[in-house]
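Tertiary structure, described
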Amino acid sequence: QMVLSEKVNQLMEWASKRSVIRMNGDKFRRLVKAPPRNYSVIVMFTALQPHRQCVVCKQADEEYQILANSWRYSSAFTNKIFFAMVDFDEGSDVFQMLNMNSAPTFINFPAKGKPKRGDTYELQVRGFAAEQLARWVADRTDVNIRVIRPPNYAGPLMLGLLLAVIGGLVYLRGSNLDFLYNKTGWAFAALCFVLAMTSGQMWNHIRGPPYAHKNPHTGQVVSLFFVLFSALLLYFYRIRLILKEANGGVTLGMVLLHEAATSDMDVGKRK
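What you see is a predicted model, and the numbers here were worked out from it, not measured in a lab.

Enumeration over the complete set of coordinates arrives at 11 aromatic pairs. Where Tyr39 meets Phe82, the ring centres are 5.6 Å apart and the plane angle is 85 degrees; that geometry is what we call edge-to-face. Pair noted here: Tyr39 is in the loop between helix H2 (25–33) and strand E2 (40–46) and Phe82 is in strand E3 (residues 81–87), with a separation of 43 residues, a long-range link. Centroid distance Phe106 to Tyr121: 5.8 Å. Interplanar angle 90 degrees. Geometry classified as edge-to-face. Here Phe106, found in strand E4 (residues 105–109), pairs with Tyr121, found in the loop between E4 and helix H5 (123–126); they are 15 residues apart in sequence, far enough to count as distant. What makes Tyr121 buried here is its relative accessible area of 5%.

Residues annotated by UniProt as "transmembrane region" (unreviewed entry) correspond here to residues 153–172, 184–206 and 218–237. Annotated as residues 153–172, this span is 95% helix and 0% strand, and its ends, taken at the C-alpha atoms, are 28 Å apart.

Our next topic: the sheet that holds E4. The four strands are arranged E1-E3-E2-E4 in an open sheet whose pairing can be described as mixed. Single-partner strands in this sheet number two, and they are strand E1 (20–22) and E4. If you compare each strand with its neighbour and ignore which way they point, the axes differ by 30 degrees on average. The sheet contact formed by E1 and E3 spans three bridges and is parallel. Bridge pairing in E3 links Val20 to Phe83. Against the sheet, helix H3 (residues 55–72) touches E1, E2, E3 and E4, its axis set at about 160 degrees to E3. The sheet contacts of helix H6 (residues 130–141) involve E2, E3 and E4, and relative to E4 the element is tilted by about 25 degrees.

Each disulfide consists of one covalent bond between the sulfur atoms belonging to two cysteines. In this structure the tally under the stated criterion is one disulfide. Between Cys54 and Cys57 runs a disulfide, and the two sulfur atoms are separated by 2.1 Å. Measuring the twist about the S-S bond at about 70 degrees, one finds the Cys54-Cys57 disulfide to be right-handed. Its relative accessible area of 4% is what places Cys54 among the buried residues.

Turning our eyes to something else, we now look at the environment of Ala76. Mapped onto the fold, Ala76 is located in the loop between H3 and E3. In this structure, the C-alpha to C-alpha distance between Ala76 and Arg146, residues 70 residues apart in sequence, is 9.9 Å.

So, on to H2. Three or more residues of H2 are buried, namely Gly25, Phe28, Leu31 and Val32. Along the axis of H2, the buried residues cluster in a sector spanning 155 degrees; they form a single face. Backbone nitrogen of Asp26 and a side-chain oxygen of the N-cap are separated by 3.3 Å at the start of H2; the cap is Asn24.

Moving on, we come to the nonpolar core. For soluble globular proteins, the rule of thumb is that nonpolar side chains tend to be buried together. Grouped together as the largest cluster of nonpolar side chains are 52 residues, with contacts concentrated most on Phe45, Leu67, Phe83 and Phe106. In terms of residue count, the dominant contributor to this core is H3 (eight residues). Leave out the neighbours within four places in its chain, and Phe45 touches Phe28, Val86, Val94, Phe95, Leu98, Met100, Ala103, Pro104, Thr105, Ile107 and Phe109.

About the thresholds
Residues numbered from 1 in each chain as written. Predicted model: local features only at pLDDT ≥ 70, side-chain atom pairs only at ≥ 80, totals over all residues. Heavy atoms only, no water. Phe/Tyr/Trp six-rings, centres within 6.5 Å; stacked < 30°, edge-to-face > 60°. Helix = DSSP H or I, 4+ residues; strand = E, 2+ residues; numbered from the N terminus. Buried < 20%, exposed > 50% of the residue type's maximum accessible area, 1.4 Å probe, protein only. UniProt positions renumbered as here; feature names shortened; annotations may be inferred. Pairing = 2+ DSSP bridges. Axes fitted to C-alpha atoms, helices over the stretch in contact; angles between N-to-C directions. Contact = heavy atoms within 4.5 Å. Disulfide = S-S within 2.5 Å. Arc of directions from axis to C-beta. Polar contact = N/O pair within 3.5 Å; in protein donor to acceptor, adjacent residues only side chain to side chain. Core = buried A, V, L, I, M, F, W, Y, C linked by side-chain atoms within 4.5 Å.

Here it is, written out as structure tokens:
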């Protein structure tokens, strides 16, 4: 009981300073693997160092931090569950001990017994949104976490900027609003909108494609930082953006050709 009390007190002290407790091999073996333990620990195994070039690790870490902060600063916060992180460069021995060769990976270490199959989060199926992680945590630990996201002012600011630009144009050209009836201008704006909505980046944002894939024969997740294929997989989705923009250039050229053939400009300008 004294050993358990010391472990809980230590974790509570760290959690009061940082919602996600960073662990190395020694801390992991002492506080997560070794009994006694009457608390669950959700551990994110990741590779956040810049030289690892794990883009999805950074994105997953942001969502994981939101989930941990939502639990740490909620009125229901207890010592029943803790959130921790093991970075490859700080705990490579832990990765070797668990035979883990991919990141990010989320594992629930229950209060009693060893992790079962369902205690490993299916990242490729569910994605890494904080809300999805919260549902998985509730399923494995019976702890319900209400995710609270920090306010995002980017959308309102962009809308305000757009309204300010439109208002400024109307004010400056109040006596001449013919530009509002310019078909070419509206066609160009519509073309830009269509290209943005059909771009590879928008496809990535909506579909959330994985930055790793499973071997269809073994079911093993291909590593993100141990094999070169990860980089190729990452940039494959970005190629879609380049192709869409090339299509946009061709389309814009067709619009300009049509304008040149039907306009009243002199021959030189039309050419």
